[in-house]
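Commentary on secondary and tertiary structure
So you can see what is in the structure, the chains are spelled out below.
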Amino acid sequence: MTVIRSQLIGTGYKLPEKVLTNDDLSKMVDTSDEWISTRTGIKSRHIAAQDELTSDLSYEASLMAIKNAKIQNQDIDFVIVATVTPDNTFPATAAKLAKKLELKPGTPAMDVNAACSGFVYATQIADNMIRLGEIKTALVIGAETLSKITDWTDRNTCVLFGDGAGAVILQGAECEGKNTDTGILATKIYADGNQYEHLYSDSGVSLNQKAGFIHMDGKEVFKIAIPSLVQGVEESLKIAGVQISDVDWYVPHQANLRIIDSVAKKLEIDMDKVIVTVDHHGNTSAASIPLALAETFEKGKFKKGDLIAISAMGAGFTWGGIVVRL
Ligand code: COA
């Protein structure tokens, strides 16, 4: 039976010019390259300029994805931006982006806040709309300017995060309905609000009319991150009807190399098949997976037919996974 599946036809990314190294950070707070590298695997991260907004990074990433997909801006039927650092409280950053990209009048545009799992959530929404036949082509973005909600005096958090944006173009195509099809074979998302206090912004519009700073209980997050990332992969593989041994590449949320290592061990997937960008991106929350995808495409590592497993976890807690064949 033929089915419609979302094909990943283009990716793009944008990183701010400014690079902040661990040595730079050691001049700002009581830390060292040695501490940050051994605990997290992070060496450097990109930091947005004061006047560089989440919508600006999204725009540049989108232009690159549109070009790589060989489509026109007017082919896009839906735009969704996953972010916890929108330009404004409202309207959605996606609406500003739709205007900048001169999308067709009436093209639906929305943001989604699922923290570091935002791209997985946004992809599930877009994929479902494509499979239902409501739209043909979607622009899905993860974009963050986390530096603007980072307390640069708090060494517990300021060494971890970075800024950037990644974009993907999904387009519906008829497939055979088999696990050998190309396109998105599965998405799965989860949340557990009981973990709300482990990772959060200490302010909010309704709470105190501010954006606040990131707070985190690193040890708790670390503990829960590993089984969540494993579950995201295992459950989406099950839905897709494929095995871990079929997977050519695993693209995890890029928070911490020690977390990625542990997850790879638990999944019994070789680190050669795991995409790691946390060393030079830091944790860019919703941007981390599309950034990693786009950068790896640019390097020419991915090949047509490759099976990619993706999983993310973040504040909420939220978590989930995607399985896609190129
Ligand atoms: N530089 C130097 N020392 C630091 C430091 C820094 N940047 N940040 C914290 N420390 C100190 C702590 O104050 C603590 O000192 P103390 O023992 O005197 O109190 C010591 O280092 C050890 O801290 P600890 O919390 O035990 O370190 P850790 O091994 O758990 O590593 C994290 C901390 C944050 C790297 C780790 O918990 C982690 O990666 N957690 C997950 C974070 C994450 O991925 N979040 C996003 C998920 S989407």
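The notes below deal with the structure included here. Predicted model only: the values in this text are computed from it and were never measured. (Residues numbered from 1 in each chain as written. Predicted model: local features only at pLDDT ≥ 70, side-chain atom pairs only at ≥ 80, totals over all residues. Heavy atoms only, no water.)

Considerations on the site of the ligand
- Around the ligand sit 22 residues in total, of which Thr 31, Arg 39, Gly 218, Lys 219 and Asn 256 are the nearest.
- At a separation of 2.6 Å, a nitrogen atom of the ligand approaches a polar side-chain atom of Thr 31.
- At 3.4 Å, a side-chain N or O of Trp 35 approaches a nitrogen atom of the ligand.
- About the coverage of the ligand: the protein hides 74% of its 970 Å² of free accessible area.
- More than half of the atoms of the ligand fall within 2 Å of the grid points belonging to the second largest pocket. (Near = heavy atom within 4 Å. Polar contact = N/O pair within 3.5 Å; in protein donor to acceptor, adjacent residues only side chain to side chain. Areas by Shrake-Rupley, 256 points an atom, 1.4 Å probe, with all protein chains shown as cover. 1 Å grid on protein atoms, 1.4 Å probe; cavity = no way out; pocket = protein on both sides within 12 Å on 5 of 7 lines; lining within 4 Å. Sits in = over half its atoms within 2 Å of the grid points.)

A few points about the pattern of salt bridges
- Summed over the entire model, instances satisfying the criterion amount to 11 salt bridges.
- We note a salt bridge from Lys 299 to Glu 295, for which the minimum N-O separation is 4.0 Å.
- When its relative accessible area of 60% is taken as the criterion, Lys 299 is described as exposed.
- Residue classification places Glu 295 among the buried residues on the basis of a relative accessible area of 9%. (Salt bridge = Lys/Arg side-chain N within 4 Å of Asp/Glu carboxyl O. Buried < 20%, exposed > 50% of the residue type's maximum accessible area, 1.4 Å probe, protein only.)

Points about the sheet that holds strand 12 (residues 307–314)
- Ordered by their spatial adjacency, 4 strands build an open sheet running 8-13-12-11, and the pairing between neighbours is mixed. Taken across any chain shown, the strands that pair with only one partner, and hence form the sheet edges, are strand 8 (183–191) and strand 11 (249–252). Within this sheet the neighbouring strands show an average axis-to-axis angle of 10 degrees, counted without direction.
- Where strand 12 lies against strand 13 (residues 318–325), 8 bridges are found, and the strand directions are antiparallel. Each residue of the ladder has a partner; that of Ser 311, found in strand 13, is Gly 321. (Pairing = 2+ DSSP bridges. Helix = DSSP H or I, 4+ residues; strand = E, 2+ residues; numbered from the N terminus. Axes fitted to C-alpha atoms, helices over the stretch in contact; angles between N-to-C directions.)

Focus on the layout of surface pockets
- In this structure, the largest pocket spans a volume of roughly 1100 Å³.
- Considering the residues around the largest pocket, the lining is formed by 39 residues, among which Val 84, Asn 113, Ile 149, Ser 201 and Ala 211 are closest to the centre.
- Sorting the residues of the lining of the largest pocket by element identifies strand 5 (109–112), strand 9 (199–201) and helix 7 (205–208) as the ones contributing at least two each.
- With 3 residues, the single largest contributor to the lining of the largest pocket is strand 9.
- Split by residue class, the lining of the largest pocket holds 20 nonpolar, 14 polar and 5 charged. (Points joined across faces, edges and corners; volume = space filled by probe spheres on them. Nonpolar A, V, L, I, M, F, W, Y, C, P; charged D, E, K, R; others polar.)

Regarding the packing of helix 3 (residues 54–69) against helix 4 (residues 93–100)
- Two elements in contact, helix 3 and helix 4, have axes whose closest approach is 10 Å; the angle formed by their N-to-C orientations is 50 degrees. Accordingly, the angle class assigned to the pair helix 3 and helix 4 is oblique. The hand of the helix 3/helix 4 crossing is right-handed. Every residue of helix 4 that contacts helix 3 at Thr 54, Ser 55, Asp 56, Ser 58, Tyr 59 and Ser 62 is listed here: Thr 93, Lys 96, Leu 97 and Lys 100. (Parallel < 35°, antiparallel > 145°, perpendicular 65-115°, else oblique. Left-handed = near helix turned anticlockwise from the far one by under 90°. Contact = heavy atoms within 4.5 Å.)

Quick word on helix 3
- When the terminal C-alpha atoms of helix 3 are compared, their 22 Å separation across 16 residues agrees well with the 22 Å that a helix rising 1.5 Å per residue should span.
- Among the residues making up helix 3, those that are buried are Thr 54, Ser 55, Leu 57, Ser 58, Ala 61, Ser 62, Ala 65, Ile 66 and Ala 69. The arc that holds the buried residues of helix 3, viewed along the axis, is 160 degrees, so those residues lie on one side.
- On its buried face, helix 3 is in contact with strand 1 (3–14), strand 4 (78–82), helix 4, strand 6 (137–145) and strand 7 (163–175).
- Residue Lys 70 follows helix 3 closely and has a positive phi angle near 55 degrees. (Expected span 1.5 Å × (residues − 1). Arc of directions from axis to C-beta.)

Focus on the packing of helix 8 (residues 218–240) against helix 9 (residues 257–267)
- Across the interface, helix 8 lies against helix 9 with an axial gap of 9 Å and an inter-helix angle of 45 degrees. Judged on the interaxial angle alone, helix 9 and helix 8 are oblique. For the pair helix 8 and helix 9, the sense of crossing is right-handed. Packed against helix 8, whose contacting residues are Phe 222, Ala 225, Ile 226, Leu 229, Val 230, Val 233 and Glu 234, the element helix 9 presents Arg 258, Ile 259, Ser 262, Val 263, Lys 266 and Leu 267 at the interface.

Here we look at the packing of aromatic side chains
- This model, assessed by the stated rule, comprises 3 aromatic pairs.
- Relative to Trp 319, the ring of Tyr 190 has its centre 5.2 Å away and its plane inclined at 10 degrees; by these criteria the two rings are stacked. Taken together, the positions of Tyr 190 in strand 8 and Trp 319 in strand 13 put the pair 129 residues apart, joining distant regions of the chain. Just as Tyr 190 is buried, Trp 319 falls in that class too.
- Note on Trp 249 and Phe 302: the rings are 5.7 Å apart at their centroids and 70 degrees apart in plane angle, and the pair reads as edge-to-face. Of this pair, Trp 249 sits in strand 11 while Phe 302 sits in the loop between helix 11 (288–298) and strand 12, and the two are 53 residues apart along the sequence.
- Residue Phe 302 is classed as buried on the basis of its relative accessible area, which comes to 8%.
- Following the ring pairs from residue to residue traces out a cluster consisting of Trp 249, Phe 297 and Phe 302.
- Here Lys 188 stacks its cationic end above the ring of Tyr 190, 5.3 Å away from the centre of that ring. (Phe/Tyr/Trp six-rings, centres within 6.5 Å; stacked < 30°, edge-to-face > 60°. Lys NZ or Arg CZ within 6 Å of the ring centre and 35° of its normal.)

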